[in-house]
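Overview (structure and organization)
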Amino acid sequence: MLKIYHNPRCQKSRQTLQLIEESGEMLTIVEYLKETPSEDQLREILKKLGMKAEEIVRKSEAVYKEQFKGKTLSEDEWIAAMVEYPSLIERPIVVKGDKAVLGRPPENVKSLL
């Protein structure tokens, strides 16, 4: 079973979702802007990605530029910021079991199919 943290307004997210749907894999879609992961869920996702929180922060977002650009935050502070401002979370993220990938490029998801 795959889980995609999805933003339907994002082209890469839609492309990744299409690849998954074409594969026939069972899928759960989480629109993370509406159903924001908790801090614990984000920690688990980061562990599965093998990444630090700052590595999945969308630095092109207005909220990043206005509130976080040039600041040094701890892991916990970045996670809290992403929970408060979910638009900061890079998308899409696809999780399967104990592994996860960023769907940038969308073809990254093929490693989970």
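Residues numbered from 1 in each chain as written. Predicted model: local features only at pLDDT ≥ 70, side-chain atom pairs only at ≥ 80, totals over all residues. Heavy atoms only, no water.

The name an unreviewed UniProt entry assigns to the protein is Arsenate reductase, from the organism Roseivirga ehrenbergii. Annotation of the protein in UniProt includes, under Sequence similarities (unreviewed entry), the sentence "Belongs to the ArsC family." (UniProt positions renumbered as here; feature names shortened; annotations may be inferred.)

Some details on the environment of H6
Among the structural elements, H6 can be located in strand β1 (residues 2-6). Taking the C-alpha atoms as reference, H6 lies 6.2 Å from Y32; in sequence the two are 26 residues apart. A distance of 2.6 Å separates polar atoms of two side chains, one belonging to H6 and the other to S13. (Helix = DSSP H or I, 4+ residues; strand = E, 2+ residues; numbered from the N terminus. Polar contact = N/O pair within 3.5 Å; in protein donor to acceptor, adjacent residues only side chain to side chain.)

Describing the pairing of strand β4 (residues 99-102)
Bridge count between strand β3 (residues 93-96) and β4: 4 bridges; the pairing is antiparallel. Paired with V94 across the bridge in β4 is V101. Hairpin connection from β3 to β4: 2 residues lie between these consecutive antiparallel strands, with G97 at a positive phi of about 60°. (Pairing = 2+ DSSP bridges.)

Some words on the pattern of salt bridges
Per the counting criterion, the structure on display carries 9 salt bridges. In this structure, the salt-bridge partner of R43 is E39, at a minimum N-O distance of 3.8 Å. Placement of both R43 and E39 in helix α2 (residues 39-49) is noted, with a separation of 4 residues, approximately one turn of the helix. Classification of E39 by relative accessible area gives partly exposed; the value is 33%. The salt bridge involving D40 is made with R43; its shortest N-O contact spans 3.7 Å. With a gap of 3 residues between them, D40 and R43 both fall in helix α2, about one helical turn apart. On the basis of relative accessibility, which here comes to 59%, the residue D40 falls in the exposed class. Each of R58, E61, E90, R91 and R104 takes part in salt bridges that share partners, so that together they form one network. (Salt bridge = Lys/Arg side-chain N within 4 Å of Asp/Glu carboxyl O. Buried < 20%, exposed > 50% of the residue type's maximum accessible area, 1.4 Å probe, protein only.)

Details of the pairing of β3
With 4 bridges connecting them, β1 and β3 associate as antiparallel partners. Along β3, the bridge assignment pairs L2 with K96.

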